[in-house]
Amino acid sequence: ANKLNSLEARNAYLEAEYSKRLDVVDERQIYHEMMLRNQHWEYRVANPRSNYWNTIRNDKEHVRCAEFFLEQIKAETTKMRRGEGSGDVSLITGHLPYNRAFYLHWEEFANAL
């Protein structure tokens, strides 16, 4: 009976170890598939020109926030496509209202998630 219990315990241990290793293999396979899919990816959305912001709202702080936000979202999207990003994008100060110029940037970001 002791030998049987010992063999059952050993079997349970080996099954758990095997399962852990399969999980690692699955994670690596997912990562490699993502890297293959993104190896030729480029961020193709252009930022609006500075004068675009002035036509919407002639406010230097608003323009600065909008440009900083677009830099952040581009950088984070690029990192995520390389498997490095956290998905964190934030506004520096104040309220940045919706603007149609952000749409394509958000779409690139969402596709990288």
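It should be noted that the structure appears before, not after, this text.
In this numbering scheme, every chain counts its residues from 1 along its sequence in written order. At least 70 in pLDDT is required for a residue's local features to be given in this predicted model, at least 80 for side-chain atom pairs to be given and counted, and no such filter applies to totals for whole chains, interfaces and linings, which use all residues. Each side-chain value is derived from all of the structure's non-hydrogen atoms; neither hydrogens nor water enter the calculation.

Enquirer: Hey, could you go over the overall build of the protein for me, with residue numbers and the actual values?
Expert: Here a strand is any run of E in DSSP of at least two residues, a helix any run of H or I of at least four, and the numbering for each starts at the N terminus. When helices and strands are tallied, the protein shows four helices and zero strands. Seen in sequence order, the protein has helices and strands lined up from the N terminus as α-α-α-α. With the radius of gyration taken over C-alpha atoms, the globule rule is written as 2.2 Å times the number of residues to the power 0.38. Against the compact-globule benchmark of 13 Å for 113 residues, the protein has a radius of gyration of 24 Å, which places it well outside the compact range. Taking the principal axes of its C-alpha atoms as reference, the protein extends roughly 85 × 30 × 15 Å. Categorising residues by exposure relies on relative accessible area from a 1.4 Å probe, with only protein chains included: less than 20% of the type maximum marks a residue as buried, more than 50% marks it as exposed, and the intermediate range marks it as partly exposed. Buried positions account for 23% of the 113 residues belonging to the protein. Within the protein, counting contacts between residues at least 6 apart in sequence, those at least 24 apart form 69% of the total. We call two residues contacting when some pair of their heavy atoms lies within 4.5 Å.

Enquirer: An account of the packing of aromatic side chains is requested, with residue identities and associated values reported.
Expert: Note on ring pairs: Phe, Tyr and Trp rings are taken, using the six-membered ring of Trp, and paired if centres are within 6.5 Å. Classes follow the plane angle, with under 30 degrees stacked, over 60 edge-to-face and the rest tilted. Counted under the stated rule, the structure contains four aromatic pairs. With centroids separated by 5.1 Å and ring planes inclined at 65°, the aromatic side chains of F69 and F102 adopt a geometry described as edge-to-face. Taken together, the residues span a long stretch of sequence, with F69 in helix 3 (residues 60–81) and F102 in the loop between helix 3 and helix 4 (103–112) at a distance of 33 residues. The same class applies to F69 as to F102, namely buried. Clustering of aromatic rings is evident, with ring pairs tying together F69, F102, W106 and F109.

Enquirer: Talk me through the side chain of H105; I want residue IDs and the actual numbers.
Expert: Along the chain, the position of H105 falls in helix 4. On the accessibility criterion, H105 (0% relative accessible area) is buried. Within the structure, the side chain of H105 is placed 3.4 Å from the side chain of N47, a separation counted as a polar contact. The residues touching H105, leaving out its near neighbours within four places in the chain, are Y43, V45, A46, N47, L70 and I73. For the purposes of these results, a polar contact is taken to be a pair of N or O atoms within 3.5 Å, where, inside protein, one atom must be able to donate a hydrogen and its partner to accept one; residues adjacent in sequence count only when each atom of the pair is a side-chain atom.

Enquirer: Could you give an account of the nonpolar core, with specific residues and numbers?
Expert: We call a set of buried Ala, Val, Leu, Ile, Met, Phe, Trp, Tyr and Cys residues a nonpolar core when their side-chain atoms join them within 4.5 Å. In terms of nonpolar packing, the biggest core is built from 16 residues, with W53, A66, F69, L70, I73, L96 and F102 touching the most fellow members. The element that contributes the greatest number of residues to this core is helix 3, accounting for seven residues.

Enquirer: Account for the packing of helix 3 against helix 4, with residues named and values stated.
Expert: Two elements in contact, helix 3 and helix 4, have axes separated by 9 Å at closest approach and are oriented at 25°. Taken as axis vectors, helix 3 and helix 4 run roughly parallel relative to one another. Helix 4 is crossed by helix 3, and the crossing has left-handed handedness. Contacts from F69, L70, I73, E76, T77, M80 and R81 in helix 3 reach H105, W106, E108, F109, N111 and A112 in helix 4. Broken down by class, the residue content of the contact of helix 3 with helix 4 amounts to seven nonpolar, three polar and three charged. Interaxial angle, 0 to 180 degrees, is taken between N-to-C directions of lines fitted to C-alpha atoms, where a helix line uses only the stretch in contact. Angles are sorted into four bins: roughly parallel if under 35 degrees, roughly antiparallel if over 145, roughly perpendicular if 65 to 115, and oblique for all others. Here a crossing is called left-handed whenever its near helix is offset anticlockwise from the far helix by less than a right angle, and right-handed whenever the offset is clockwise. Put simply, Ala, Val, Leu, Ile, Met, Phe, Trp, Tyr, Cys and Pro go in the nonpolar bin, Asp, Glu, Lys and Arg in the charged bin, and everything else, Gly too, in the polar bin.

Read these as layout, nothing more, since geometry by itself doesn't imply function.
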